[in-house]
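# Residue-level structure breakdown
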Amino acid sequence: DQPRSRGLGDVYKRQGHDHDHAPAYSGDDPVYRRALWAVIAINSIMFIVELGAGITAKSMALQADALDFLGDSVTYALSLFVLAKPPMWRANAALFKGLSLAVLGIWVLGATIWRVFVIGVPEAFIMGSVGLLALAANITSVLILMKFRSGDANVESVWLCSRNDAIGNVCLLYTSPSPRDRG
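Residues numbered from 1 in each chain as written. Predicted model: local features only at pLDDT ≥ 70, side-chain atom pairs only at ≥ 80, totals over all residues. Heavy atoms only, no water.

Bringing the overall build of the protein into the picture now. Scanning the protein for helices and strands turns up six helices and zero strands. Counting over 183 residues, the protein shows a buried share of 38%. Pairs at least 24 residues apart make up 77% of the contacts formed inside the protein by residues separated by at least 6 positions. (Helix = DSSP H or I, 4+ residues; strand = E, 2+ residues; numbered from the N terminus. Buried < 20%, exposed > 50% of the residue type's maximum accessible area, 1.4 Å probe, protein only. Contact = heavy atoms within 4.5 Å.)

On to the nonpolar core, then. Residues Tyr32, Leu36, Tyr76, Leu80, Leu83, Leu145 and Val158 are the most contacted members of the largest nonpolar core, which totals 15 residues. For this core, the secondary structure elements donating two or more residues are helix 2 (30-57), helix 3 (60-82), helix 5 (124-145) and helix 6 (153-175). Of the residues forming this core, the biggest block, five residues, is contributed by helix 2. Excluding anything up to four places from it in sequence, Leu36 contacts Tyr76, Ser79, Leu80, Leu83 and Val158. Residues Met46, Phe47, Phe69 and Ala137 belong to the second largest nonpolar core, which totals seven residues. (Core = buried A, V, L, I, M, F, W, Y, C linked by side-chain atoms within 4.5 Å.)

Atom-level detail of predicted coordinates should not be read off regions where pLDDT is low. Overall, the prediction assigns the protein a mean pLDDT of 76, with 74% of residues at 70 or greater. Taking the mean pLDDT of every element in the protein, the minimum, 40, falls on helix 1 (residues 8-14) and the maximum, 92, on helix 2. Residue range residues 1-15 is modelled with pLDDT below 50. Its contacts to residues more than four positions away, or to other chains, number 10 contacts. (pLDDT = per-residue confidence, 0-100.)

Going through the model one piece at a time under the given rule, you end up with two aromatic pairs. Ring centres 6.2 Å apart and planes at 55 degrees place the aromatic pair Phe81 and Trp89 in the tilted group. The class for Trp89 is partly exposed, based on a relative accessible area of 45%. Sitting over the ring of Trp89, Lys85 keeps its end group 5.1 Å from the ring centre. (Phe/Tyr/Trp six-rings, centres within 6.5 Å; stacked < 30°, edge-to-face > 60°. Lys NZ or Arg CZ within 6 Å of the ring centre and 35° of its normal.)

Here you go:
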């Protein structure tokens, strides 16, 4: 004799599933809001630092990463705004964030190609130093958001953005010119 079902999750478990099909976590809680505010602050500060350093070093990579920090600050603020909104709002916010990143990526690619042929090699020390600082900022953001990496498209996009930015910083450091490249 089987016990009475207490809900849909029990039905799935009896059919061989070991989980229920609850709605995805939307992130609408005070702890997640505080985490987003912290990551917005980190990204906003790094936007200012990297933009100044990128202009000083004549580094398109730092300027592009600065714009990415600005874009992240804005999109994280958008995420914060839509947390308590209906699922369609959150899904549209995630779509908007993805499209805005694509536009930013196309602009950075074009500006980088132009810079390679017109301006030349950026200042290595500044580029490498600020690249390390940016990596530390993104790793800090990733650690703050680690426990919130699963949820609806809006919540997951915040986590993925920070994780991918840390990976991008590693690439920036790898491509930073060394002083010997000045030849």
